[in-house]
Amino acid sequence: MALRGPSQAYADMLTQPAVPMSTAAARELVTILKAEAGIRIDPSNTQFISYRLDRRVTALGLDDYDQYLTHLQSPEGPAEIQRLVESLATHTTSFFREKAHYDWLDTVGLPKLIETGAGRTHPLVVWSAACSSGLELWSAGIVLDRYSHKVQGGLRWGLVGTDISAAILRKARLGIYSSSELAGLSFDLRSDYLLRSKPGARISPKQRVYRIAPALRNRAHFSAANLLGKLEGHVPLADVIFLRNVLIYFTAEDRTRAIRNVMQCLRPGGYLLLGHSDNLRSLPAGLTPTGTAVFRKDER
Ligand SMILES: C[S@@+](CC[C@H](N)C(=O)[O-])C[C@H]1O[C@@H](n2cnc3c(N)ncnc32)[C@H](O)[C@@H]1O
């Protein structure tokens, strides 16, 4: 049987007639996406929208995007809007992406937090607030696990991952990845933190899958959360929050709103890490820059 990967799907898209999308329908779709998730897409980028959504519209037996918009207003609308967000969101991530943050955590962040009692008087919690398939959170978990083994008596620590997409969270929770998703993870770390599927006569090395070891999985909790909604009470108070490579999709107003929301769940003296390209024009009150894309929440 022929393998079907993303490139095959792209080739199919080029050879199949696109589902008709009027300019007004494209505008309406991106407006819904922005209102639900804060994610902005240029409505003139109909090729991207078609690539991500045509298959779904066809599977529903609909002829065009005007019919799809009508479907979004039906009783199945709310569930379908969730699918729309999942289809149009970008989940690009990798192990140890923007590695400087993990080096900072290991050499500066953790020592400072432990000095103030994190990991001892309360469990030290790292929260990946737009965690995608989990690679950002597992990378932080590796840093924490290694650090904990170095310090006398070890540390109490936990991992929290949230995302707006239920589908990507299922993948994160499972913690199973293909070899192509392991880029960024050294061979030493692979042998310490991954379980490998058994080789078999019918499985080529490329088809092997890898699972995050229980040492990390057992410490992680994943749940759905929208950065633009109420977060307080849904996630535990965190010592470090990774909020990276998601604000770039938001307007300046929504960026500020998302940061204010996550700050409610950050301990005073805790750290907020933003993506290196998440340029903020103005910083919400209560945060002090302490390094490259690293901010400390002021003590009350
Ligand atoms: C590009 S990935 C970034 C993953 C990871 N933080 C990293 O830097 O590698 C962006 C993630 O943000 C999620 N996302 C987008 N809008 C969101 C929102 N309003 N609330 C929560 N998550 C959101 C997407 O589903 C996606 O998984």
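In case you missed it, the structure is sitting above this.
Summarised in this report is the structure supplied together with it. (Residues numbered from 1 in each chain as written. Predicted model: local features only at pLDDT ≥ 70, side-chain atom pairs only at ≥ 80, totals over all residues. Heavy atoms only, no water.)

### Overview of the nonpolar core
Right, so step 1: Membership of the largest hydrophobic core comes to 50 residues, with the highest contact counts inside it found for Trp-127, Leu-227, Leu-243 and Leu-272.
Right, so step 2: Going through the elements one at a time, helix H2 (23-37), helix H3 (46-59), helix H4 (65-72), helix H5 (77-88), strand E1 (124-128), strand E7 (238-243), helix H11 (252-263) and strand E8 (266-274) are the ones with two or more residues in this core.
Right, so step 3: Among the elements that make up this core, the one with the highest residue count is H2 (seven residues).
Right, so step 4: Composition of this core by domain shows at least three residues from each of domain 1 (6-88) and domain 2 (100-175 + 215-297). (Core = buried A, V, L, I, M, F, W, Y, C linked by side-chain atoms within 4.5 Å. Buried < 20%, exposed > 50% of the residue type's maximum accessible area, 1.4 Å probe, protein only. Helix = DSSP H or I, 4+ residues; strand = E, 2+ residues; numbered from the N terminus. Domains from an automatic or database assignment.)

### Details of the site of the ligand
Right, so step 1: If you check the shell around the ligand, you find 20 residues, and the closest are Ala-37, His-91, Thr-93, Asp-163 and Asn-245.
Right, so step 2: Contact distances for the ligand include 2.8 Å between an oxygen atom and a side-chain N or O atom of His-91.
Right, so step 3: Ile-164 places a polar main-chain atom, nitrogen or oxygen, 3.2 Å from a nitrogen atom of the ligand.
Right, so step 4: For the ligand, the accessible surface in isolation is 600 Å², of which the surrounding protein chains cover 99%.
Right, so step 5: With respect to the pocket detection grid, the ligand is positioned in the second largest pocket.
Right, so step 6: In terms of residue class, the shell around the ligand is built from nine nonpolar, seven polar and four charged. (Near = heavy atom within 4 Å. Polar contact = N/O pair within 3.5 Å; in protein donor to acceptor, adjacent residues only side chain to side chain. Areas by Shrake-Rupley, 256 points an atom, 1.4 Å probe, with all protein chains shown as cover. 1 Å grid on protein atoms, 1.4 Å probe; cavity = no way out; pocket = protein on both sides within 12 Å on 5 of 7 lines; lining within 4 Å. Sits in = over half its atoms within 2 Å of the grid points. Nonpolar A, V, L, I, M, F, W, Y, C, P; charged D, E, K, R; others polar.)

### As for the environment of Pro-214
Right, so step 1: Relative to the helices and strands, Pro-214 resides in helix H10 (residues 214-217).
Right, so step 2: Between the alpha carbons of Pro-214 and Gly-175 there is a distance of 9.7 Å; along the sequence they are 39 residues apart.

### Observations concerning H5
Right, so step 1: Along its 12 residues, H5 runs 16 Å from first to last C-alpha, staying within 8% of the 16 Å computed at 1.5 Å per residue.
Right, so step 2: The complete set of buried residues in H5 reads Gly-77, Glu-80, Ile-81, Leu-84, Val-85, Glu-86 and Leu-88.
Right, so step 3: If you follow the buried residues of H5, they end up packed against H2, H3, H4 and helix H8 (166-174). (Expected span 1.5 Å × (residues − 1). Contact = heavy atoms within 4.5 Å.)

### Remarks on the layout of surface pockets
Right, so step 1: Considering only enclosed or pocket space, the second largest pocket measures out at about 390 Å³ in volume.
Right, so step 2: Of the residues assigned to the lining of the second largest pocket, the class counts are 13 nonpolar, seven polar and four charged. (Points joined across faces, edges and corners; volume = space filled by probe spheres on them.)

### Looking at a nonpolar patch on the surface
Right, so step 1: Taken together, the side chains of Leu-174, Ile-176 and Val-209 make up a nonpolar region of the molecular surface, amounting to roughly 210 Å² of accessible area.
Right, so step 2: Here Leu-174 lies in helix H8.
Right, so step 3: The exposure class of Leu-174 is partly exposed, given its relative accessible area of 45%. (Patch = residues over 30% accessible without salt bridge, like charges linked within 9 Å, V, L, I, M, F, W, Y side chains within 5 Å. Salt bridge = Lys/Arg side-chain N within 4 Å of Asp/Glu carboxyl O.)

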